[in-house]
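In case you want the letters, here they are:
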Amino acid sequence: MSTRVSQVPTGPAASSDSTVYLNSLIDDRVHALNPATGMSGWAFRTEGTITAGPITTPRLPRRLVVVGTDAGEVVALPPRAWNESRPTDAAWDRSVFGDVSGPISVANAIVGEKLQVSVLVPCEDHGLYCLNAATGEPRWVYRTGHPFRGAARALGGRVFGRNERRLCAVDLATGDEAWAASAEGGAPKPFEAALAA
């Protein structure tokens, strides 16, 4: 199935049960669209230019639509359906210390008997942020000597994210280095030379 839309998407779309969300190059807003026809519903403007997202989180108990900007903000919107009123405020927003420099991703972990959902945010400020998906509060920040690029992926209790120099492996629960990195200026270890996990 395909449909025409009146926006110029800046990246992949995300969806809930009733709505497709995408960013538009034309007006730099998050748009909610009818999935059957592509008809526009509401649109939401952030302070900066959207550089990452949208992504949708699992229900926490409610799903959220998350984007990142070049103004160093990560914004989570309530997932209102395309034919409902536009959200007047974000569910939460979090400031980081630089542009969001890569795609945002979601990480799931079982802690005790509960599902813990996090949002992974690569940043120009040399940090890889792990935020509580329900509140936006930081769980941890892993810093290196270089800006992060590309989407971080959570696999087997670890987060794999690439900065400008190497692939980093971080413990999802603590934010501590999971696999020892090579010395600054030294030859990269075999895993560090990988482009992604």
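Placed above this text is the structure.
Quick notes on the rules
- Residues numbered from 1 in each chain as written.
- Predicted model: local features only at pLDDT ≥ 70, side-chain atom pairs only at ≥ 80, totals over all residues.
- Heavy atoms only, no water.
- Pairing = 2+ DSSP bridges.
- Helix = DSSP H or I, 4+ residues; strand = E, 2+ residues; numbered from the N terminus.
- Phe/Tyr/Trp six-rings, centres within 6.5 Å; stacked < 30°, edge-to-face > 60°.
- Buried < 20%, exposed > 50% of the residue type's maximum accessible area, 1.4 Å probe, protein only.
- Salt bridge = Lys/Arg side-chain N within 4 Å of Asp/Glu carboxyl O.
- Axes fitted to C-alpha atoms, helices over the stretch in contact; angles between N-to-C directions.

1. Concerning the pairing of strand β12 (residues 138-143)
The pairing of strand β11 (residues 127-132) with β12 spans five bridges and is classified as antiparallel. Pairing of Leu131 across the sheet is with Pro138, part of β12. Between the end of β11 and the start of β12, which pair antiparallel, lie five residues, with Gly136 showing a positive phi angle near 85°.

2. Here we look at the environment of Ala32
Turning to its location among the elements, Ala32 is positioned in strand β3 (residues 29-33). Residues Ala32 and Trp82, 50 residues apart in the sequence, show an inter-C-alpha distance of 4.7 Å.

3. Let's talk about the packing of aromatic side chains
Per the stated rule, a full pass over the model turns up three aromatic pairs. Seen in terms of ring centroids, Tyr21 and Trp42 are 6.1 Å apart; in terms of plane orientation they differ by 45°. Their pairing is tilted. With Tyr21 in strand β2 (residues 20-23) and Trp42 in strand β4 (residues 40-45), this residue pair connects regions lying 21 residues apart in the sequence. Arranged with centres 5.1 Å apart and planes meeting at 85°, the rings of Trp179 and Phe191 form a pair that is edge-to-face. Placement of the pair is Trp179 in the segment after β15 (167-171) and Phe191 in the segment after β15, with a sequence separation of 12 residues. Note on Trp179: relative accessible area 35%, which makes it partly exposed. Clustering of aromatic rings is evident, with ring pairs tying together Phe160, Trp179 and Phe191.

4. Concerning the pattern of salt bridges
Evaluated as defined, the whole model comprises eight salt bridges. Asp28 is paired through a salt bridge with Arg45; the nearest N and O atoms lie 3.0 Å apart. Placement of Asp28 in the loop between β2 and β3 and of Arg45 in strand β4 is noted, with a sequence separation of 17 residues between them. Here Arg143 ties to Asp125 by a salt bridge, and the two come within 3.3 Å at their closest N and O atoms. One end of the pair, Arg143, is in strand β12; the other, Asp125, is in the loop between β10 (114-122) and β11, and 18 residues separate them in sequence. Looking at Arg143, the relative accessible area reads 41%, which means it is partly exposed. Each of Glu124, Arg149 and Glu164 takes part in a single network of salt bridges with overlapping partners.

5. Quick look at the sheet that holds strand β7 (residues 73-77)
The pairing of strands in a sheet happens through backbone hydrogen bonds and is either parallel or antiparallel. Ordered by their spatial adjacency, four strands build an open sheet running β5-β6-β7-β8, and the pairing between neighbours is antiparallel. Of all strands in the sheet, those bounded by a partner on one side alone are β5 (50-56) and β8 (92-95). For this sheet the average axis-to-axis angle between neighbouring strands, irrespective of direction, equals 15°. Direction of pairing for strand β6 (residues 65-69) relative to β7: antiparallel, over a ladder of four bridges. Looking at β7, one finds that Val66 is bridged to Ala76.

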